[in-house]
Amino acid sequence: MIESLLVANRGEIARRIIRTGRRLGIRTIAVHSEADGALPFVTEADEAVCVGPANPAQSYRNVEAILDAARSTGAQAIHPGYGFLSENADFARTVEGAGLIWVGPGADAISAMGDKINARNLMAAAGVPVAPGTTEPTSDLDAAVAAAVEIGYPVMVKAAAGGGGMGMGVAADEAALRTEYDKVRAFAERMFGDGSVLIERYFPRVRHVEVQILGLADGRVVALGERECSVQRRNQKLVEESPSPAVSPELRERFLAAAVRAGEAVNYRNAGTVECLLDPSTQEFFFLEMNTRLQVEHPVTEYVYGVDLVEEQLRVASGLAPTFDPDALTPRGHAIELRINAEDPKRFLPGPGAITTWNEPSGTGVRVDSGYVAGNTVTPFYDSLMAKLILTGATREEAVERARAAVAQFEIAGPKCNLPFFAELLENPEFLSGDYDTGIVSRMR
């Protein structure tokens, strides 16, 4: 097993990785920006190194500063968490080139899945269902219009290098397509340094379902069930649950088999997620993208399958067998995750600020993965996620009931907070029925 681990991230995910490292007897090293020096993950690590100012480009995305921190502390491995450099193939190669262990998939797999068009084509060749769409970047607006006519409106206009719900637009006709194309292209060039755009069929009523995969050290790829991620705002997730209330045993078999094929197609190692769109009217699903990292919502899978995914990541990176029997994976119970963000609960606009009150709920079936405590400040430099509230139970109904109680108990004062939104959602008949889709939040607003 790896003996020393540098966590190249911040907040709740850094804290969560450090927790597993401590349990396994691994020496952990935190890196942090000047703005984050007082956050809990910094003091909970065995060592901590400041890698630059608040600007992520000068700290958490500063490759040289992170590698210098690894060298100076004698770190053996680097875990990137999610976001920042986690899906940067060049960083993965640089880490390994420096003689360190990269706790993630190989750089080639990251590269293959990082380009949405290339990923679609690879998945189609592997027999994974993909939605109708372009197989190469549209060369210009006229080519996009021609593709949309062939695919059929409405269409999704998507940045080929995008991710995290960013760089997407919907066009119901040619006039809208002309507007969205220019908007998405400009955004993609600014945010990703790549203005390539693809056109896909848009499904007005769709569910977002993803499958957790793990590429083992012996070369096998296994699937650890699915997660429902359809409660979203601006194409970004707010709630995840496992198992999905929309997935029957027969559909689950198809989902998991397709996800395994997707992983095998790129010789996948370590943890990853195959994201799909599910048409509830036809029970057809289509590949959306593969996230080549640990997901924010991994705790719901951990409960349902009884595994610590960070430990499994470390075991794969160490060349060790998993703690579980890959041929005997059996789900149990139900888990729901709520993303507690520093944002207003109506328009979901960021609302950073100093935390004056922070009292977490506790009890049976309640887990809180948080990045802050009272006295800390949520700054405007990073994602607004403050904590993840994970509720578990023998049934979905029990998990929902625990979620209601935990949301009522969670006290946060200072920054804006979306807890009131979750209180509303947990009484919403559409959500409670389990028969909801990605439009549920817009219908609530």
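Shown above is the structure to which this text applies.
Our subject in this report is the structure included herewith. Since the model is a prediction, treat every value here as computed from it, not as a measurement. (Residues numbered from 1 in each chain as written. Predicted model: local features only at pLDDT ≥ 70, side-chain atom pairs only at ≥ 80, totals over all residues. Heavy atoms only, no water.)

### Focus on the side chain of E302
With respect to the secondary-structure elements, E302 resides in helix α10 (residues 298-305). Ignoring anything within four residues of it in the chain, the contact list for E302 reads R16, V307, D308, L309, V310 and R367. (Helix = DSSP H or I, 4+ residues; strand = E, 2+ residues; numbered from the N terminus. Contact = heavy atoms within 4.5 Å.)

### Describing the side chain of R233
As for its placement among the helices and strands, R233 is situated in strand β10 (residues 221-233). A polar atom in the side chain of R233 sits 2.8 Å from the side chain of E343. With residues near it in sequence (within four places) discarded, R233 still touches L238, N341, E343, F348, S384 and V441. (Polar contact = N/O pair within 3.5 Å; in protein donor to acceptor, adjacent residues only side chain to side chain.)

### Side note on the packing of aromatic side chains
The full count for this structure, using the stated rule, is 12 aromatic pairs. Taking the centre distance of 5.5 Å and the plane angle of 85° together, the rings of F91 and W102 count as edge-to-face. On the criterion of sequence distance, the pair formed by F91 in helix α4 (residues 89-97) and W102 in strand β5 (residues 101-102) is long-range, its members being 11 residues apart. In this structure F91 comes out as buried when scored by relative accessible area, which is 1%. (Phe/Tyr/Trp six-rings, centres within 6.5 Å; stacked < 30°, edge-to-face > 60°. Buried < 20%, exposed > 50% of the residue type's maximum accessible area, 1.4 Å probe, protein only.)

### Re the pairing of strand β19 (residues 385-393)
Taking burial as the measure, the nine residues of β19 include nine buried ones, the bulk of the element. Bridge count for strand β14 (residues 334-341) against β19 is eight bridges, and the pairing is antiparallel. Its bridge partner lying in β19, I340 is registered against A387. Inspection of the sheet shows strand β17 (residues 366-370) paired to β19 by five bridges, in the antiparallel sense. Looking across to β19, one finds that V366 is bridged to L391. (Pairing = 2+ DSSP bridges.)

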